[in-house]
Amino acid sequence: MKILMVCLGNICRSPLAHGIMEKQAKEAGLDWEVDSAGTGNWHVGEPPDHRSVAIAKKYNLDISGQCCRVFSPKDFEYYDRIYVMDRSNLNDVLDMAKTEEQRKKVKLLLGDEIVPDPYYDNALFDPVYRMIEEGCKKIIDAEQR
Ligand code: 4NP
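Model, not experiment: these values are computed from the prediction.

## Considering the sheet that holds strand 3 (residues 81-84)
Logical step 1: The parallel open sheet is built from four strands, whose spatial order is 2-1-3-4. Edge positions in the sheet fall to strand 2 (33-38) and strand 4 (106-108), since each of these pairs with one other strand and no more. Between one strand axis and the next, the sheet turns by 25 degrees as a mean value, whatever way the strands run.
Logical step 2: Pairing of strand 1 (residues 2-7) with strand 2 involves six bridges; the strand directions are parallel. Directly across from V6, in strand 2, lies its bridge partner A37.

In structure tokens:
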């Protein structure tokens, strides 16, 4: 299974989702390929935001080697599932889908809830980490049932 995590900047939320899902899938013995991308291109080529790197480190996860890239319509062909963090990401990604099959690949990571953007609020990084961790766990549990 190939999974792509998408947020706006690809420096705060989706790098966490990328690292967390990769780690959980590996621990569950699932051979999943995980990557992340942003709908915006401001930070292309940069590593994740230092606050995401720090919160991941607190939970024993190293995401410092990731590199920001922008979402491409080609990702619809390569990935089996595309998980987005909020409704604005959902609209932006769905706007680029060309077929119903592509649209069906796109889902909110948390199902009905959103992962809030922590970029302008340092206090959100810890809850965001835990929300993403819980969301990934639910997806893996559902897969193993
Ligand atoms: P992210 O957060 O979508 O979780 O990576 C943001 C990062 C950067 C910006 C906005 C949100 N920005 O405007 O540069």
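## Here we look at the layout of surface pockets
Logical step 1: Of the volumes computed, that of the largest pocket is approximately 190 Å³.
Logical step 2: In terms of lining, the largest pocket is formed by Y83, K107, L108, L109, L110, G111, E113, M131, E134, G135, K138 and I139.
Logical step 3: Looking at the lining of the largest pocket, the elements that each hand over two or more residues are strand 4 and helix 6 (125-144).
Logical step 4: It is helix 6 that provides the largest number of residues to the lining of the largest pocket, a total of five residues.
Logical step 5: Residue composition of the lining of the largest pocket, grouped by class: six nonpolar, two polar and four charged.

## A closer look at the site of the ligand
Logical step 1: Around the ligand, the structure places C7, L8, G9, N10, I11, C12, R13, W42, H43, D117 and Y119.
Logical step 2: Taking N10, its main chain carries an N or O atom lying 3.3 Å from an oxygen atom of the ligand.
Logical step 3: In this structure, C12 approaches the ligand through a main-chain N or O atom, which is 2.9 Å from an oxygen atom.
Logical step 4: When the ligand is considered free in solution it has 350 Å² of accessible area, and contact with the protein chains removes 91% of it.
Logical step 5: Taking a 2 Å distance to the grid points as the criterion, the majority of the atoms of the ligand fall inside the second largest pocket.
Logical step 6: Considering only residue class, the shell around the ligand consists of six nonpolar, three polar and two charged.

## A few points about the nonpolar core
Logical step 1: If you look at the biggest cluster of nonpolar residues, it comprises 28 residues, and the most contacted ones within it are M5, L16, M21, W32, L109 and I132.
Logical step 2: Counting residues per element, the ones that place at least two in this core are strand 1, helix 1 (13-27), helix 2 (50-58) and helix 6.
Logical step 3: It is helix 6 that provides the largest number of residues to this core, a total of seven residues.
Logical step 4: Residues contacting M21, with those up to four places away along its chain left out, are I3, M5, W32, V34, C136, I139 and I140.

## A few points about the pairing of strand 1
Logical step 1: Across the six residues of strand 1, five count as buried, placing the element largely inside the fold.
Logical step 2: Summarising the sheet, strand 1 and strand 3 pair through four bridges and their orientation is parallel. Bridge pairing in strand 3 links M5 to Y83.

What counts as what
Residues numbered from 1 in each chain as written. Predicted model: local features only at pLDDT ≥ 70, side-chain atom pairs only at ≥ 80, totals over all residues. Heavy atoms only, no water. Pairing = 2+ DSSP bridges. Helix = DSSP H or I, 4+ residues; strand = E, 2+ residues; numbered from the N terminus. Axes fitted to C-alpha atoms, helices over the stretch in contact; angles between N-to-C directions. 1 Å grid on protein atoms, 1.4 Å probe; cavity = no way out; pocket = protein on both sides within 12 Å on 5 of 7 lines; lining within 4 Å. Points joined across faces, edges and corners; volume = space filled by probe spheres on them. Nonpolar A, V, L, I, M, F, W, Y, C, P; charged D, E, K, R; others polar. Near = heavy atom within 4 Å. Polar contact = N/O pair within 3.5 Å; in protein donor to acceptor, adjacent residues only side chain to side chain. Areas by Shrake-Rupley, 256 points an atom, 1.4 Å probe, with all protein chains shown as cover. Sits in = over half its atoms within 2 Å of the grid points. Core = buried A, V, L, I, M, F, W, Y, C linked by side-chain atoms within 4.5 Å. Buried < 20%, exposed > 50% of the residue type's maximum accessible area, 1.4 Å probe, protein only. Contact = heavy atoms within 4.5 Å.

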